[in-house]
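Architecture and fold: a report
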Amino acid sequence: MVASTDRVASEIGAEILRRGGNAVDAAVATHFALAVVNPEAGNLGGGGFMVARVANGTTASLDFREVAPLRATRDMFLDAQGNPTNRSLEGHLASGVPGSVAGMWEAHRRFGSLPWADLVAPAVALADGIVVHARLAESLQEYAARFRQYPASAAIFLREGRAPRVGERLVQADLAATLRRIASGGKEGFYRGRTAELLEEEMRRGNGLITREDLARYDAKWRDPLRFDYRGYQVISMPPPSSGGATLAEMLNIMEGYDLRAAGYLSTRHAHLFAEAAKRAYADRNTYLADPDFIPQPTARMISEAYAAERRSSIRLDRATPSEAVRPGLGPTTVAAIALTARPEGEHTTHYSVVDAAGNAVAVTTTLNSLYGSRVLVTGAGFFLNNEMDDFTAKPGTANQFGLVQGAANAVAPGKRMLSAMTPTIVLSPEGRLRLVTGSPGGPTIITTVAQVISNVVDWGMDLPAAVGAPRLHHQHLPDRLYYEHDGLAPATAAALRALGQAPENRAGYQGDAASILLRPDGLLVGVADPRRGGAAVGVEGAAKEVVR
Ligand code: GLY
């Protein structure tokens, strides 16, 4: 089964399974398909993370996060007065060296079974021409004004200045040519040769920093996945440079100390405990976590139950701890807590989950950061570049586009990976059997979204559609707000939370897009695309029967 944010991409992944490919093969094909049919977040010019569990019990996590170019400098996004600019968000300086193609190549090298070119071929066919569907049409329409500022993007995604409509044909000929180079040349088809030349030319045109040397040096890295228990279930998630796994562990470990079921679902007590756990976990996340190749990471302690007990000891049931009073708990820090106003955030990024007939499971979260990344499209190569440099700390104590206030540990440095919140995650039952494959887009809300999907399954015994569809909460330490989605908290609950000192805020729009797969104890595989934005879970007949041996 393949669950992704786009039906066409899920069908392509499922077709690879049907042809005898394994979950990694299907993930690679889904990834390249998303780069064509979901260009707002699916990508060649971005990066991401994969968590995999092979049916024999082997677990792996792959870091294909972007890196800062060699010519990057710590203060490159500050103006003459030392204040952050929007250069980390839009334009050529905003891009890190892309990691996606190297990531897919490396995942396939280690685990793939079908020929590489066969996994890229479906995406080539899509780039040769697709019929525009509703989600793509809406997204292109929303960004049409931005594309008008970038002729290379406008030439492909606009016709006579307007976005293509549902049912019209979209041809991405330059992207098809790039994909053909990747299909025949593998990783080198992107990081060397014509694609690398085009990317370097694009950088020169816009005074960007990425060179062919940056591209040639890029490597995806295998990391040891983070593993922890939540009420007997084993959770396998992404280590730094994603903050996802460690923050998820701290949050869930804190919550494990409470009887949530006795509190009642989305009750005052439940929402209060969720917010208190999140405040503490995000305070640590924002302060300490960064690229482990540059900064020693306190993850072992951060994910330990002993540390959760320590953090829990400062939580009061009858009163919220204000964020200013929630200090990072893992050691000395120079980062001051600053109260901020909330910033809007969208559903950047995309996530897909795959389980094959043998029980191999793959969770991948990948992104350009903002939708359409830096909005710069590589002229002649047809793909958007990320604006992932905004995930670095431009200036400690100031907020990035997500309102995240991060520390000096995550400062820009050449060759360094910027901290992420992406949280591709696999959960095993207490007996060690595959249970859940999940993840989500949503910047910092990714971690709270994943925490809730897991808790909904483990604590509340929800089936997958309910676990994914339930209203979501979010707190990220700063700003000191408890966001809730779609009137998800009753007015009386919000009032009671306010009386406790929380700052609940009904957020317009939605949180997350958690395309997930669950293996039920009776052996049935259930996949869902998040009802918030659609997409599809596509199953291959017979798979569920074979998974349960
Ligand atoms: N670009 C969002 C993240 O990696 O968390």
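Below: a short report on this structure. Since the structure is predicted, the reported quantities are computational estimates derived from the model, not experimental observations.

**Some remarks on the sheet that holds strand β12 (residues 434-438)**
Taking strand neighbours across the sheet as the criterion, the 6 strands line up as β7-β8-β11-β12-β16-β17 in an open arrangement whose pairing is antiparallel. The open sheet is flanked by β7 (226-230) and β17 (525-528), the only strands paired with a single partner. Taken pair by pair, the neighbouring strands of this sheet meet at an average axis angle of 15 degrees, ignoring direction. Pairing analysis gives 2 bridges linking β12 to strand β16 (residues 516-519), with the strands arranged antiparallel.

**Description of the pattern of salt bridges**
Taken as a whole and assessed by the stated rule, the structure comprises 39 salt bridges. Notably, a salt bridge pairs E15 with R19, separated by 3.6 Å at the nearest N-O pair. A residue is classified by how much of its surface remains accessible, and E15, at 29% relative accessible area, is partly exposed. When its relative accessible area of 45% is taken as the criterion, R19 is described as partly exposed. Connected through salt bridges with shared partners, the residues D63, K221, R223, D293 and R417 form a single ionic network.

**A look at unusual backbone geometry**
The omega torsion of the bond from P240 to P241 falls at 20 degrees, within 30 degrees of zero and hence cis. As for its position among the elements, P241 is in the loop between β8 (233-237) and α11 (244-255). Its identity is not glycine, yet R231 carries a phi of approximately 50 degrees, on the positive side. Of note, R231 is situated in the loop between β7 and β8. For R231, a relative accessible area of 28% translates into the label partly exposed. For R375, which is not a glycine, the phi torsion comes out positive at approximately 70 degrees. Secondary-structure assignment places R375 in the loop between β10 (361-367) and β11 (425-428). R375 gets classed as buried once you look at its relative accessible area, which sits at 7%.

**Examining the site of the ligand**
Residues in close proximity to the ligand include R65, N369, E388, D391, S420, A421 and M422, which together make up its full environment. A distance of 2.6 Å separates a nitrogen atom of the ligand from a polar atom in the side chain of E388. Contact between the ligand and A421: an oxygen atom at 2.7 Å from a main-chain N or O atom of the residue. Coverage of the ligand by the protein chains reaches 98% of its 200 Å² of free accessible surface. Applying the majority rule of atoms within 2 Å of the grid points places the ligand in the largest cavity.

**Some thoughts on the packing of aromatic side chains**
Going through the model one piece at a time under the given rule, you end up with 13 aromatic pairs. When the ring of W105 is compared with that of W116, the centres are 4.9 Å apart and the planes differ by 90 degrees; the resulting orientation is edge-to-face. One end of the pair, W105, is in helix α3 (residues 100-111); the other, W116, is in helix α4 (residues 116-127), and 11 residues separate them in sequence. Owing to a relative accessible area of 30%, W105 belongs among the partly exposed residues under this scheme. For W116, a relative accessible area of 7% corresponds to the buried category. Look at F157 and F384: their rings are 5.4 Å apart centre to centre, the planes differ by 20 degrees, and that puts the pair in the stacked class. A residue pair is termed long-range when its members are at least 10 positions apart, and F157 in helix α6 (residues 151-157) and F384 in the loop between β10 and β11 qualify at 227 residues. When sorted by exposure, F157 lands in the same class as F384, which is buried. Taken together, the ring pairs in this structure connect Y143, F147, F157, Y372 and F384 into an aromatic cluster. We note R110 situated over the ring of W222; from NZ or CZ to the ring centre the distance is 4.5 Å. Residue placement shows K187 over the ring face of Y191; its charged tip is 5.8 Å from the ring centre.

**Some details on the side chain of S267**
Mapping S267 onto the fold places it in the loop between α12 (260-263) and α13 (268-288). A polar side-chain atom of S267 sits 2.8 Å from the main-chain carbonyl oxygen of A263. In this structure the side chain of S267 is engaged in a polar contact, spanning 3.1 Å, whose partner is the backbone nitrogen of H270.

**So, the packing of helix α1 (residues 7-18) against α4**
Think of two packed helices as two axes; the pair is described by the angle between the axes and how far apart they sit. At their nearest, the axes of α1 and α4 sit 11 Å apart, and the two run at 150 degrees to each other. One way to sum up the angle between α1 and α4 is to call them roughly antiparallel. The interaxial crossing formed by α1 with α4 has right-handed handedness. Where α1 approaches α4, its residues V8, I12 and I16 are matched on the opposing element by D118, L119, P122 and L126. Tallied by class, residues from the contact of α1 with α4 come to 6 nonpolar, no polar and 1 charged.

**Remarks on the sheet that holds strand β14 (residues 482-485)**
Backbone-to-backbone hydrogen bonds join strands into a sheet, with any given pair of strands oriented parallel or antiparallel. The strand order across the open sheet formed by 3 strands is β13-β14-β15, and the pairing between neighbours is mixed. The sheet is open, and its two edges are formed by β13 (473-474) and β15 (504-507), each paired on a single side. Two strands pair when backbone bridges link them, and β13 and β14 are joined in this way by 2 bridges, in the antiparallel orientation. Each residue of the ladder has a partner; that of L473, found in β14, is Y484.

What counts, and at which threshold
- Residues numbered from 1 in each chain as written.
- Predicted model: local features only at pLDDT ≥ 70, side-chain atom pairs only at ≥ 80, totals over all residues.
- Heavy atoms only, no water.
- Pairing = 2+ DSSP bridges.
- Helix = DSSP H or I, 4+ residues; strand = E, 2+ residues; numbered from the N terminus.
- Axes fitted to C-alpha atoms, helices over the stretch in contact; angles between N-to-C directions.
- Salt bridge = Lys/Arg side-chain N within 4 Å of Asp/Glu carboxyl O.
- Buried < 20%, exposed > 50% of the residue type's maximum accessible area, 1.4 Å probe, protein only.
- Near = heavy atom within 4 Å.
- Polar contact = N/O pair within 3.5 Å; in protein donor to acceptor, adjacent residues only side chain to side chain.
- Areas by Shrake-Rupley, 256 points an atom, 1.4 Å probe, with all protein chains shown as cover.
- 1 Å grid on protein atoms, 1.4 Å probe; cavity = no way out; pocket = protein on both sides within 12 Å on 5 of 7 lines; lining within 4 Å.
- Sits in = over half its atoms within 2 Å of the grid points.
- Phe/Tyr/Trp six-rings, centres within 6.5 Å; stacked < 30°, edge-to-face > 60°.
- Lys NZ or Arg CZ within 6 Å of the ring centre and 35° of its normal.
- Parallel < 35°, antiparallel > 145°, perpendicular 65-115°, else oblique.
- Left-handed = near helix turned anticlockwise from the far one by under 90°.
- Contact = heavy atoms within 4.5 Å.
- Nonpolar A, V, L, I, M, F, W, Y, C, P; charged D, E, K, R; others polar.

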